[in-house]
Amino acid sequence: MIDPEAHLRSVRIALLPLAEVGRHRGAFAGTAKSVGEIWDRRELLGLLVRRELRARYKNSSLGLVWSLMRPLSQLLIYYFAVGQIIGLARAVPDFAIFVFVGLTAWTLFSEIISNSTVSIISNQGLVKKVYLPREIFPLASVGSALFGFLVQFIVLLAAVVVLGRFPTSWDILYAAGAFIMLVTFATSLGVLLAGLTVYARDLEHLVEVVLAVLFWASPIVYSYSFVQNAIGGSALEQIYLANPITVAVLGFQRGLWVAGSVPANGVSWPPDMATRMVVIFLLSVVFLWFSQRIFSRLQGNFAQEL
Amino acid sequence: MSATPTIVELSGVSKKFVLHQHKSLKERAVAFSAARKHQEAFWALRDIDLQIATGTTLGLVGHNGSGKSTLLKVIGGIIQPTTGVVRRRGRLAALLELGAGFHPDLTGRENVYLNASILGLTKAETSRFFDAIVDFSGIEAFIDTQVKFYSSGMYVRLAFAVSVHVDPDLLLIDEVLAVGDEPFQQKCLAKIAQFQREGRTIVYVSHSSDQVAQLCDRVLVLDHGNMIFDGSADEGIDVLRQTYTDSTPSFVSPKSVSAPAYALPSVGSLRISSSAIDTSGAFMPGSDLLVTLDFSNDDMSQRLTAEISIDIQPGVEVYRVSTDQLGIEIPREVGAYTLAITLPQNPFVSGSYSLRASLAPTQGDGPHQQPSVQHFSIASAAGVERSNSFNASAVLRTR
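Each value, and the rule that gives it
- Residues numbered from 1 in each chain as written.
- Chains lettered and ligands numbered in written order.
- Predicted model: local features only at pLDDT ≥ 70, side-chain atom pairs only at ≥ 80, totals over all residues.
- Heavy atoms only, no water.
- Helix = DSSP H or I, 4+ residues; strand = E, 2+ residues; numbered from the N terminus.
- Buried < 20%, exposed > 50% of the residue type's maximum accessible area, 1.4 Å probe, protein only.
- Contact = heavy atoms within 4.5 Å.
- Areas by Shrake-Rupley, 256 points an atom, 1.4 Å probe, with all protein chains shown as cover.
- Pairing = 2+ DSSP bridges.
- Axes fitted to C-alpha atoms, helices over the stretch in contact; angles between N-to-C directions.
- Buried area = accessible area lost by both parts, 1.4 Å probe.
- Salt bridge = Lys/Arg side-chain N within 4 Å of Asp/Glu carboxyl O.
- Polar contact = N/O pair within 3.5 Å; in protein donor to acceptor, adjacent residues only side chain to side chain.
- Parallel < 35°, antiparallel > 145°, perpendicular 65-115°, else oblique.
- Left-handed = near helix turned anticlockwise from the far one by under 90°.
- Nonpolar A, V, L, I, M, F, W, Y, C, P; charged D, E, K, R; others polar.
- Phe/Tyr/Trp six-rings, centres within 6.5 Å; stacked < 30°, edge-to-face > 60°.
- Lys NZ or Arg CZ within 6 Å of the ring centre and 35° of its normal.
- Patch = residues over 30% accessible without salt bridge, like charges linked within 9 Å, V, L, I, M, F, W, Y side chains within 5 Å.
- pLDDT = per-residue confidence, 0-100.

Draft legend 1. Summary view of the overall build of chain A. Of the regular secondary structure elements, chain A holds 16 helices and 1 strand. In chain A, which comprises 306 residues, the share counted as buried stands at 50%. For chain A, restricting intrachain contacts to residue pairs at least 6 apart in sequence, the fraction spanning at least 24 positions comes to 80%. If you sum the accessible surface of chain A, you get close to 14,200 Å²; carbon and sulfur atoms cover 69% of it.

Draft legend 2. Region of interest: the sheet that holds strand β3 (residues 57–61) of chain B. All names here are of chain B. Judged by pairing direction, the sheet is mixed, and its 6 strands sit side by side in the order β5-β6-β7-β3-β8-β9 without closing on themselves. Both outer strands of the open sheet, β5 (92–95) and β9 (226–231), are each paired with one neighbouring strand and no more. Strand-to-strand twist of the sheet, defined as the mean angle between neighbouring strand axes without regard to direction, takes the value 15°. Contacts from helix α7 (residues 182–197) reach β3, β6 (170–174) and β7 (201–205) within the one sheet, and its direction differs from that of β7 by about 140°.

Draft legend 3. The interface of chain A and chain B, seen in detail. Counting residues at the interface gives 46 residues for chain A and 55 residues for chain B. In this assembly, chain A packs against chain B so that about 4,200 Å² is buried in total across both faces, 56% of it on carbon and sulfur atoms. Per-residue buried area on chain A facing chain B is highest for Leu18(A), Val21(A) and Lys129(A); these three make up 16% of the total on that side. At the junction of chain A with chain B, the criterion picks out 3 salt bridges. The tally of links between chain A and chain B comes to 7 residue pairs in polar contact (both at pLDDT 80 or more). For the side of chain A that touches chain B, the secondary-structure elements that each account for two or more residues are α1 (4–15), β1 (19–20), α3 (42–57), α8 (124–129), α10 (172–199) and α16 (302–305) of chain A.

Draft legend 4. View of the packing of helix α14 (residues 244–256) of chain A against helix α15 (residues 273–299) of chain A. All names here are of chain A. For the pair α14 and α15, the least separation of the axes is 10 Å and the interaxial angle reads 130°. Between α14 and α15, the angle is such that the two are oblique. Of the two possible hands of crossing, α14 and α15 adopt the one that is left-handed. Two secondary-structure elements touch here, α14 through Pro244, Val247, Leu250, Gly251 and Arg254 and α15 through Met273, Arg276, Met277 and Ile280. When grouped by side-chain class, the residues that make up the contact of α14 with α15 number 6 nonpolar, 1 polar and 2 charged.

Draft legend 5. Quick look at the packing of aromatic side chains. Residue and element names in this part refer to chain A. As enumerated under the stated definition, the model contains 25 aromatic pairs over all chains in all. Following the ring pairs from residue to residue traces out a cluster consisting of Tyr78, Trp106, Phe109, Phe185, Phe215, Trp216, Phe287 and Phe290. Geometry around Trp39 places Arg42 over its ring, the cationic atom sitting 4.3 Å from the centre.

Draft legend 6. Main features of the sheet that holds strand β16 (residues 372–378) of chain B. All names here are of chain B. Overall, antiparallel pairing links the 4 strands, which are arranged β13-β12-β15-β16 in an open sheet. Strands at the two margins of the open sheet, each flanked by one partner only, are β13 (316–322) and β16. In this sheet, adjacent strand axes meet at a mean angle of 20° when their direction is disregarded. When strand β15 (residues 351–361) meets β16, the two strands line up antiparallel, connected through 7 bridges. Paired with Ser354 across the strands is His375, a residue of β16.

Draft legend 7. Up close: a nonpolar patch on the surface. Residues and elements named next belong to chain A. Nonpolar side chains collect at one region of the surface, where Leu62, Val65, Trp66 and Met69 lie side by side and expose about 360 Å² of accessible area between them. Inspection of the secondary structure puts Met69 in helix α4 (residues 65–85). Residue Met69 is classed as partly exposed on the basis of its relative accessible area, which comes to 34%.

Draft legend 8. Looking closely at the confidence of the model for chain A. Within chain A, residue pLDDT values average 87, and 98% of them lie at 70 or more. Element-level mean pLDDT values for chain A span from 76 in β1(A) up to 94 in α10(A).

So, in structure tokens, the structure goes:
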């Protein structure tokens, strides 16, 4: 006796094609398939982001407020130590806004990188036991970093509105472009690091150190004018400006730090910023594809390396 | 079976594991030149060709390290094969771990959604099944409590409830049924039986031969990554037990042991016979077994106790009895004796067994001998009433 449900099932299965399991070969077709797979699991991606966020602040009474404490405390430190005591605030108008804009961009980048680097390792229980498109773990880290950014950005907007420094010119598009560019770049780097860290655990610590250095390699607590005065016109300046984070931070500042666009303040910007941003964005897209290919090659052995 | 379509197809699948000795960059840099030497490779799977038809319940068995879990993970796509191709269709759920992705800080409700999503349900589907899941788990009262406050039993029940509400065509199970209390295991088995009726395909890894025999209609036996058997469950389990026997060191017979300083009792022949034997020489389940042991007592200074034990392969003791327990005293007089022990209506399940007999001084840690060993097997037969307890009786005769 054949159960009718069983019969229906076998008829349905007979109609499905037998698909090869595992890594998607082919430079472009493989990426397309992976993207399709991730798109199919987008609900899970959302749940993983929520899990990370909810779990982080589950038992604290202040909850989300804590995610603001770090950037706010950093703002206070830099405002008083660098701005007032060292006296940078005299050279940089609206120093508090300037620093907070830079910090917001920087926090987004560093959160994406440091979280996604360890994302596979910290989800090893899942990686070893269930098949999921593994890119989902670094992407979930990007998601939770974006949420943190959103909260910080709202505070920033509130601050510029309250202080009467709300950007009204089209320069704000710089910030939007910088955001897209920075997220693309950080995601591609994060995906690559997530895969590599499984094989070389030292990367986790190396990334921390490099992030600490990179913080000072971008004009976050000092303005670009200082850089121009020091190494303006030299090859060093070009190297400095080749850093995608620097360009992103500059884009955020140009869009949201209104005082920098007032001609009387004499703030200088690097030439061809829009072009630089577009070029870096396009390179980041290529880099993202490249990272995904590498990740896809590496992920076949994740389950046994962990 | 040929009428149903193939759901999984493996062709020439091999998996090589490379054991890295060096994990950190420093270690790798230092040992760079020697890195190749330190890589130790072994084949967890070799050249597996396999087709699984829809509706089959396939058991994967083998001793530890035989590659059965690796094969399951390869089918599930969790591990990439080194060579070969795995093709699959239909919806897959891998129950390699109950509650995969459960986060201790989230509530039961949140974890149900997360876990269901990991297993491939959409949010809408989970919402539809949610009441059924909670109902099945039987922990309604705690569904909004953080999972870290759950007892392990509650945790497993909730996780299992989610797993069985995923609607898979192909279900991979790795030993998850080994956890939980007896009612829970019964629930699992009932659910699996239901899945079988519904024509779902199940691939099941287990160490429990009984469960495999009970559930599976096809068994693969793996040994060091090679597939050494593919066929019916009963035969497969016999082959499996054979591999266990081959790998355990054979026991030395008493004759080859050099005589110790003082006279040990000498164990003569050990025999076992049954009241009902099938054509292959295996004993019928439920038949009366008769164990006889010849021995002689050469030293009057010690009182002796004889003991027999029965192990099911691979060395799990299922029965042990001594002359003391049987109420028999071995006389101190020097002489030759025959001990006959009757095991009426044996309760043993089908399989190969080894019977061991030993004699030792009753008191103290006197020198022990190598036990005398006999092998026998119990035939598989359906519908035999097995009693849970039985009373052995024994008589001792002088020869």
